[in-house]
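Chains, contacts and geometry: an overview
The residues making up each chain are set out below.
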Amino acid sequence: LALALLALTLLIGPANLLLRRRNPVSSYLRRDVGAWTALFSGIHVVVSLKVHGSGQLRDFLHFFVVDGDPLTNSFGWGNWTGLAALIVVAGLLALSSDAVLRKLKARNWKQLQRLNYVLFALVIVHAFFYGALLRETSPYTILLGLVVIAVVAGQLIGVWLYRRRYSRRQAEPASAVASG
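Residues numbered from 1 in each chain as written. Predicted model: local features only at pLDDT ≥ 70, side-chain atom pairs only at ≥ 80, totals over all residues. Heavy atoms only, no water.

A contiguous nonpolar surface patch, about 480 Å² in accessible area, is contributed by Trp-36, Leu-39, Ile-43, Val-47 and Val-51. For Leu-39, the location among the structural elements is in helix α2 (residues 28-52). You can call Leu-39 partly exposed: its relative accessible area is 41%. (Patch = residues over 30% accessible without salt bridge, like charges linked within 9 Å, V, L, I, M, F, W, Y side chains within 5 Å. Areas by Shrake-Rupley, 256 points an atom, 1.4 Å probe, with all protein chains shown as cover. Salt bridge = Lys/Arg side-chain N within 4 Å of Asp/Glu carboxyl O. Helix = DSSP H or I, 4+ residues; strand = E, 2+ residues; numbered from the N terminus. Buried < 20%, exposed > 50% of the residue type's maximum accessible area, 1.4 Å probe, protein only.)

Let's shift gears to the pattern of salt bridges. Tallying each qualifying case throughout the model produces 1 salt bridge. As a salt-bridge pair, Arg-31 and Asp-98 come within 2.6 Å of each other at their nearest N and O atoms. Of the two residues, Arg-31 is situated in helix α2 and Asp-98 in helix α5 (residues 98-113); the sequence distance between them amounts to 67 residues.

In this section: the packing of aromatic side chains. Evaluated as defined, the whole model comprises 5 aromatic pairs. With a centroid separation of 5.8 Å and 80° between ring planes, the pair formed by Phe-75 and Tyr-130 is classed as edge-to-face. Of this pair, Phe-75 sits in helix α4 (residues 74-95) while Tyr-130 sits in the loop between α6 (115-129) and α7 (139-179), and the two are 55 residues apart along the sequence. Chaining the aromatic ring pairs together yields one cluster made of Phe-63, Phe-75 and Tyr-130. (Phe/Tyr/Trp six-rings, centres within 6.5 Å; stacked < 30°, edge-to-face > 60°.)

What follows deals with the environment of Ala-90. Position of Ala-90 relative to the elements: it lies in helix α4. As a C-alpha pair, Ala-90 and Ala-35 span 55 residues in sequence and 9.1 Å in three-dimensional space.

This paragraph deals with the nonpolar core. Where a protein is soluble and globular, its nonpolar side chains tend to be buried together. Leu-3, Leu-119, Phe-120, Val-147 and Val-151 are the most contacted members of the largest nonpolar core, which totals 17 residues. When residues of this core are traced back to their parent elements, those giving at least two are α1 (2-18), α4, α6 and α7. Contact partners of Val-151, with chain neighbours within four places excluded, come to Ala-7, Leu-10, Leu-11 and Phe-120. (Core = buried A, V, L, I, M, F, W, Y, C linked by side-chain atoms within 4.5 Å. Contact = heavy atoms within 4.5 Å.)

Once that is clear, we can look at the packing of α2 against α4. Where α2 meets α4, the axes come as close as 10 Å, and the angle between the chain directions of the two elements is 150°. The chirality of how α2 crosses α4 is left-handed. Of α4, the residues touching α2 (which contributes Ala-35, Thr-37, Ala-38, Ser-41, Val-45 and His-52) are Phe-75, Leu-86, Val-89 and Leu-93. Of the residues that constitute the contact of α2 with α4, the class distribution is 7 nonpolar, 3 polar and no charged. (Axes fitted to C-alpha atoms, helices over the stretch in contact; angles between N-to-C directions. Left-handed = near helix turned anticlockwise from the far one by under 90°. Nonpolar A, V, L, I, M, F, W, Y, C, P; charged D, E, K, R; others polar.)

Next up, the structure:
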């Protein structure tokens, strides 16, 4: 659910461009979906800790460290990428308010919000380390693949539409001056 919501946050902008709607720096819809993404990401972590451990702090550390050394097998890398994703989603949630937007100004705030792309990449890598490629026929793996395709296609279409519109705006004044 968190992955689907994350994908939705990345598809709202391209959808606005495709539907010829205004695409603001910030929208309440995108921020609300992002907040739900963070909430369900946190729930995912809690459930994972319950499934894979007894809830003790030392069990939590076994997700990352064994005998004082970082865990570097697939399970460990899955946990490290998951932890990085959790930190990013928590940071994005902390930045997602009108007060922070006013304080940072639109350009700086938007640059930080672009960490959403990093978050998406971390979540995909997290899923792969947890064996998504080993379970090719799993509905979750199929859903993961469809989400990746949708987001990549949506972003490519969004970039194409944005560039097309921007180049038209730049060309109009030049052609008006040349014909005038």
